[in-house]
Structures are given as C-alpha cells and as structure tokens.
Amino acid sequence: MNKAKIFSIIVAMGGAIFLSGCGASGQQFTQFAKPQPDLGLVYVYRPSAFLGSGVYYDVHVTNSSTQDYVAGELVNGSYVQVAVPVGENEVWGQTESKSSVTLDVKQGETYCVRGSVGIGFIVGRPNLEIVDMATCQAQIVETKATK
C-alpha cells in the first residue's frame, strides 16, 4: 500500500472512533413530564445533525435563588430536562463562546430551548434559542436523554 492510502485509512478510523461516542445513549424521549406545582420545567434539546456532531457542551442554569449549576450535558441528538424556580432563569452553554437565553418562568409551565452547534474558530459554537411547544414536540421526539 502507498503512504496516501495508509494515511486515508488512519484518518477514517480516527474519525469513526471520534464520532462513535458523540451521540445520546439514554432513553428515547416519550412525553413531557408534568412540572412540580411550585416550579417550571425546561427542556433543552439538540436535534441530531452531522455538523458539529462531535461537539458537546454543558447546559447551565443561573437564577436569583440559586448559584449557577450544570443541568446536564447536551450532545448530538439529546435532551436535558430541568426543573427551575419561578422567575427569571438564564439557560446557557459555552465552548469557545457562550450562547444564552432568558426565560421568565411561570409556575407549572413547560418551556423548550433548542440547541445546536455552529462553526467556530477552534471548536463548534453553541447556539440556544427558545422555541414554541409545537416545534419542540415535533423535534424532541427524535432525541434521547443524556446519561
């Protein structure tokens, strides 16, 4: 074999190994949970996509009643479910840049935030956006919980 062919095989094997652990492996989404009476519920989900499939980021929640905390890891084709207090909550993710949305959470309400990954300088950049329930319901069914 020539050197170019060997190099191509090594690159392909490396890419396959890199991408093999990049998807969600938890339980498939089935239905929205009912929020606890004194809280709100936020689903952050990321539809499966080839672009940025190897990039993942932690989903953080910051609000006035608690310190910043990590709600879960958002990988390709996954969702994170998090109960949040009533009031203003910032949901954010960060790689080389930060993306965030602010939700004015009402008691007993459910909210959806769609995540994705855009092109970055060194690593993909997170992108979070609030979506309506109809859009969320149509897209989140293709995702799995992160473990």
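A few points about the environment of leucine 103
Piece 1. Among the structural elements, leucine 103 can be located in strand β6 (residues 98–105).
Piece 2. Each C-alpha atom of the pair leucine 103 and valine 42 lies 9.2 Å from the other, and the pair is 61 residues apart in sequence.
Piece 3. Leaving out residues up to four positions away in the same chain, leucine 103 has contacts with Val42, Gly87, Glu88, Asn89, Val91, Tyr111, Val113 and Ile130.

Considerations on the pattern of salt bridges
Piece 1. By the definition in use, this model includes 4 salt bridges.
Piece 2. One salt bridge in this structure joins lysine 106 and aspartate 104, with 2.9 Å as the shortest N-O distance.
Piece 3. On the basis of relative accessibility, which here comes to 44%, the residue lysine 106 falls in the partly exposed class.
Piece 4. A salt bridge links arginine 114 to glutamate 129; its shortest N-O distance comes to 2.9 Å. Pair noted here: arginine 114 is in strand β7 (residues 110–118) and glutamate 129 is in strand β8 (residues 125–131), with a separation of 15 residues, a long-range link.

Here's the deal with the sheet that holds strand β3 (residues 69–74)
Piece 1. Strand order in this open sheet of 4 strands is β3-β2-β5-β6, and the pairing throughout is antiparallel. Two strands in the sheet have a free side with no partner beyond their single neighbour: β3 and β6. Averaged over all pairs of adjacent strands, the angle between their axes in this sheet comes to 25°, without regard to strand direction.
Piece 2. Looking at chain direction, strand β5 (residues 87–94) and β6 are connected through 8 bridges and run antiparallel. In the sheet register, valine 91 faces β6, and the bridge partner there is valine 101.

Digging into the pairing of strand β2 (residues 57–63)
Piece 1. Of all 7 residues making up β2, 5 are buried, and the element is well covered by its neighbours.
Piece 2. Counted along the chain from β2 to the antiparallel partner β3, the turn is 5 residues long.
Piece 3. Pairing between β2 and β5: 4 bridges, direction antiparallel. Looking at β5, one finds that valine 61 is bridged to valine 91.

Describing the state of the cysteines
Piece 1. Tallied over the full model, the rule gives 1 disulfide.
Piece 2. Here cysteine 112 pairs with cysteine 136 through a disulfide, and the sulfurs are 2.2 Å apart. Across the S-S bond of cysteine 112 and cysteine 136 the torsion is about -70°, and the bridge reads as left-handed. You can see cysteine 112 sitting in strand β7 and its partner cysteine 136 sitting in helix α2 (residues 133–140), a full 24 residues away along the chain. The residues cysteine 112 and cysteine 136 share a single accessibility class, namely buried.

Some points on the packing of aromatic side chains
Piece 1. Taken as a whole, this structure holds 5 aromatic pairs when the rule is applied.
Piece 2. Measuring from centroid to centroid gives 5.3 Å for phenylalanine 29 and tyrosine 79, while their planes differ by 85°, and the two rings are edge-to-face. Taken together, the positions of phenylalanine 29 in the loop between α1 (3–20) and β1 (39–46) and tyrosine 79 in strand β4 (residues 78–85) put the pair 50 residues apart, joining distant regions of the chain. Accessibility classification places phenylalanine 29 together with tyrosine 79 in one group, the buried group.
Piece 3. Among the aromatic residues, those joined into a cluster by ring pairs are Phe29, Phe32, Tyr43 and Tyr79.

Side note on the side chain of arginine 46
Piece 1. Tracing the chain through its elements places arginine 46 in strand β1.
Piece 2. It turns out arginine 46 is buried and unbridged, and the closest side chain with the opposite charge, glutamate 73, is 8.9 Å from it.
Piece 3. In this structure the side chain of arginine 46 is engaged in a polar contact, spanning 3.4 Å, whose partner is the backbone oxygen of leucine 74.

Thresholds, definitions, all that
- Residues numbered from 1 in each chain as written.
- Predicted model: local features only at pLDDT ≥ 70, side-chain atom pairs only at ≥ 80, totals over all residues.
- Heavy atoms only, no water.
- Helix = DSSP H or I, 4+ residues; strand = E, 2+ residues; numbered from the N terminus.
- Contact = heavy atoms within 4.5 Å.
- Salt bridge = Lys/Arg side-chain N within 4 Å of Asp/Glu carboxyl O.
- Buried < 20%, exposed > 50% of the residue type's maximum accessible area, 1.4 Å probe, protein only.
- Pairing = 2+ DSSP bridges.
- Axes fitted to C-alpha atoms, helices over the stretch in contact; angles between N-to-C directions.
- Disulfide = S-S within 2.5 Å.
- Phe/Tyr/Trp six-rings, centres within 6.5 Å; stacked < 30°, edge-to-face > 60°.
- Lys, Arg positive; Asp, Glu negative; His and termini not counted.
- Polar contact = N/O pair within 3.5 Å; in protein donor to acceptor, adjacent residues only side chain to side chain.

These results come straight from atomic positions and should not be treated as a statement about function.
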